[in-house]
Amino acid sequence: MAGNTYGSSFRITTFGESHGKVNGVVMDGLPSGLMVNEKEMSDDLILRKPGKKYSTKRNEDDIPEIISGIFNGKTTGAPLTIIFHNMDVESSYYERNRFFPRPGHADLPAMIKYGYDNWDFRGGGRLSARETVSRVVAGSVARKLLLLKGIVVAGCVSSLGDMEFGMVSLEDCLSSRRRELRTPSDSYEKIAEGLLQKIISENDSVGGSVQIIVRGVPAGLGEPVFDKLKANIAYAMLGIPGSTYFEMGDGLKQSRSRGSEMMDKIVNRDGKYSWVKNHSGGILGGIATGDDIFFRIGFKPTSSIPRVHDTVDIRSGSAVEIKIVGRHDPSIVPRAVAVAESMACILILDQLMLSGEFRKPITDDENRIMNELWKTYQRVESK
Ligand SMILES: Cc1cc2nc3c(=O)[nH]c(=O)nc-3n(C[C@H](O)[C@H](O)[C@H](O)COP(=O)(O)O)c2cc1C
């Protein structure tokens, strides 16, 4: 199975299956001297965690365990490996239904590709979104280094079903960290709760979108031809399970507009050039403009809804009905915010390292600054 590694200068490799012993990640390329601890990582992990009111009943503790690459609380420069023990694993449903691929999931293509007998059918095996816990912990390590460079990454749910929350500010994205459904305001949270309660009562699910803003990326980051920054972002985001579309800046709106409507004045703000509207989302020609980078990722409605699903018995080819029971999220979108933020942190750090940043060990002063910024970052309230 290929494709388990992401990045070039900051490179992560994830491993593990949904119902296997552990999931984990190896991070390669980190500078030495970076203070990391499991408690800080949990600030991000909790936002992806299953077992909350509106999410799957799978109740994993998601406690990260650092098993290599650290000495006296700081990175050594060797690969940093973090694992999660899979505790809340219940495979009996999958044992009973192993010959009946679930619609909307990767079961059937995986069976065909890897062989019916080799496919780990338990909870989607390697192709389960359980894997994303590893991305989130890597993202949290990357996020710390980005803070040192003045780069802040924040996201929120920007639409749920046909409810649109509009274009959201960085502050409101940050404030969503204290709301279970990751909406950008308390009033939207109430609306979203109402919608999800209705969806649950109808044994259904709903899709939506996530908005991400990255502030502080230096102008000039990225390359112009095949390695465009926006292409890299799209690649990272469409690798998230359940993602359906990617929209850069005012993407969809731009494609429906006239040039006269999308003209964007360049201005000089205290010696810094920027664009009044930033329709492009902070990237032009594949290169960061220095303005906020923003984009949206669409997610499909959860496939595992508690209803009867039509599929086939792969032994006989005959039609069968299966019933998905127990564990499912009425919407994966709130939990996907943490995953999208993490992928953004990982890719921006990778791009910075490619441009020559973080070649020297992290100093004690730098660690102090990062630790302070980390605390501030957790505390932002909405305006
Ligand atoms: C954080 C997260 C949690 C997810 N949880 C579920 C779930 O409980 N049930 C489900 O049907 N899909 C869930 N998904 C989506 C599936 O993993 C995904 O649809 C499936 O692996 C097939 O991949 P694809 O949709 O990208 O083609 C989740 C995705 C994410 C990002």
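Heads up: the structure comes first, above all this text.
Overview of the structure. (Residues numbered from 1 in each chain as written. Predicted model: local features only at pLDDT ≥ 70, side-chain atom pairs only at ≥ 80, totals over all residues.)

Read across the sheet, five strands follow the order E1-E2-E3-E7-E4 without closing on themselves; strand pairing throughout is antiparallel. Strands with a single pairing partner mark the edges of an open sheet, and in this sheet they are strand E1 (5-6) and strand E4 (65-68). Bridging between E1 and strand E2 (residues 11-16) involves two bridges; their strand directions are antiparallel. By the bridge assignment, Thr 5 is partnered in E2 with Thr 13. (Pairing = 2+ DSSP bridges. Helix = DSSP H or I, 4+ residues; strand = E, 2+ residues; numbered from the N terminus.)

What follows covers the site of the ligand. Every one of the 22 residues lining the ligand counts as a neighbour, but Ala 129, Pro 241, Gly 242, Ser 303 and Ser 304 are closest to it. Sorting elements by how many residues they give to the shell around the ligand places helix H9 (residues 333-354) first, with three residues. Split by residue class, the shell around the ligand holds eight nonpolar, 10 polar and four charged. (Near = placed C-beta within 6 Å. Nonpolar A, V, L, I, M, F, W, Y, C, P; charged D, E, K, R; others polar.)

What follows is about unusual backbone geometry. In the Ramachandran plot, Asn 72 falls in the positive-phi region, its phi being about 55° despite a non-glycine side chain. On the secondary structure map, Asn 72 appears in the loop between strand E5 (70-71) and strand E6 (74-75). Of note, Asn 278 is a non-glycine position whose phi angle comes to about 55°, a positive value. Within the element layout of this structure, Asn 278 appears in the loop between strand E13 (272-275) and strand E14 (283-284). The exposure class of Asn 278 is partly exposed, given the 17 C-beta atoms found within 10 Å. (Buried ≥ 20, exposed ≤ 12 C-beta atoms within 10 Å, placed from the backbone.)

On to the packing of helix H7 (residues 229-237) against H9, then. Across the interface, H7 lies against H9 with an axial gap of 10 Å and an inter-helix angle of 140°. One finds that H7 runs oblique with respect to H9. The crossing of H7 and H9 is right-handed. Seen from H7, the contacting residues are Leu 229, Asn 232, Ile 233, Ala 236 and Met 237; seen from H9, they are Ala 340, Met 343, Leu 347 and Gln 351. (Axes fitted to C-alpha atoms, helices over the stretch in contact; angles between N-to-C directions. Parallel < 35°, antiparallel > 145°, perpendicular 65-115°, else oblique. Left-handed = near helix turned anticlockwise from the far one by under 90°. Contact = placed C-beta atoms within 7 Å.)

The next point concerns the nonpolar core. Note that soluble globular proteins tend to have their nonpolar side chains buried in a common cluster. Ala 340, Ile 346, Ile 348 and Leu 349 are the most contacted members of the largest nonpolar core, which totals 78 residues. Broken down by element, the residue count for this core peaks at 15 residues, all from H9. Ignoring sequence-local partners within four residues, the contact set of Leu 349 consists of Phe 10, Ala 142, Leu 145 and Leu 146. (Core = buried A, V, L, I, M, F, W, Y, C linked by C-beta atoms within 7 Å.)

It is worth spelling out the packing of helix H4 (residues 132-148) against H9 at this point. For the pair H4 and H9, interaxial distance at closest approach is 7 Å and the crossing angle is 50°. Relative to H9, H4 is oriented oblique. Here H4 and H9 pass one another in a crossing that is left-handed. Where H4 approaches H9, its residues Thr 132, Arg 135, Val 136, Ala 138, Gly 139, Ser 140, Ala 142, Arg 143, Leu 145 and Leu 146 are matched on the opposing element by Ala 338, Val 339, Glu 341, Ser 342, Met 343, Cys 345, Ile 346, Ile 348 and Leu 349. A per-class count over the contact of H4 with H9 returns 12 nonpolar, four polar and three charged.

The next thing to look at is the pairing of strand E16 (residues 293-299). Within E16, six of the seven residues are buried, leaving the element largely enclosed by the surrounding structure. Two strands pair when backbone bridges link them, and strand E11 (residues 243-248) and E16 are joined in this way by five bridges, in the antiparallel orientation. Across the sheet, Phe 246 pairs through a bridge with Ile 297, a residue of E16.

Neighbouring strands of a sheet are bound in pairs by backbone hydrogen bonds; such pairs are parallel or else antiparallel. The antiparallel open sheet is built from five strands, whose spatial order is E9-E8-E10-E16-E11. With one partner strand each, in any of the chains shown, strand E9 (163-164) and E11 form the two edges of the open sheet. With respect to the sheet, H7 is in contact with E11 and E16, its orientation differing from that of E11 by roughly 160°.

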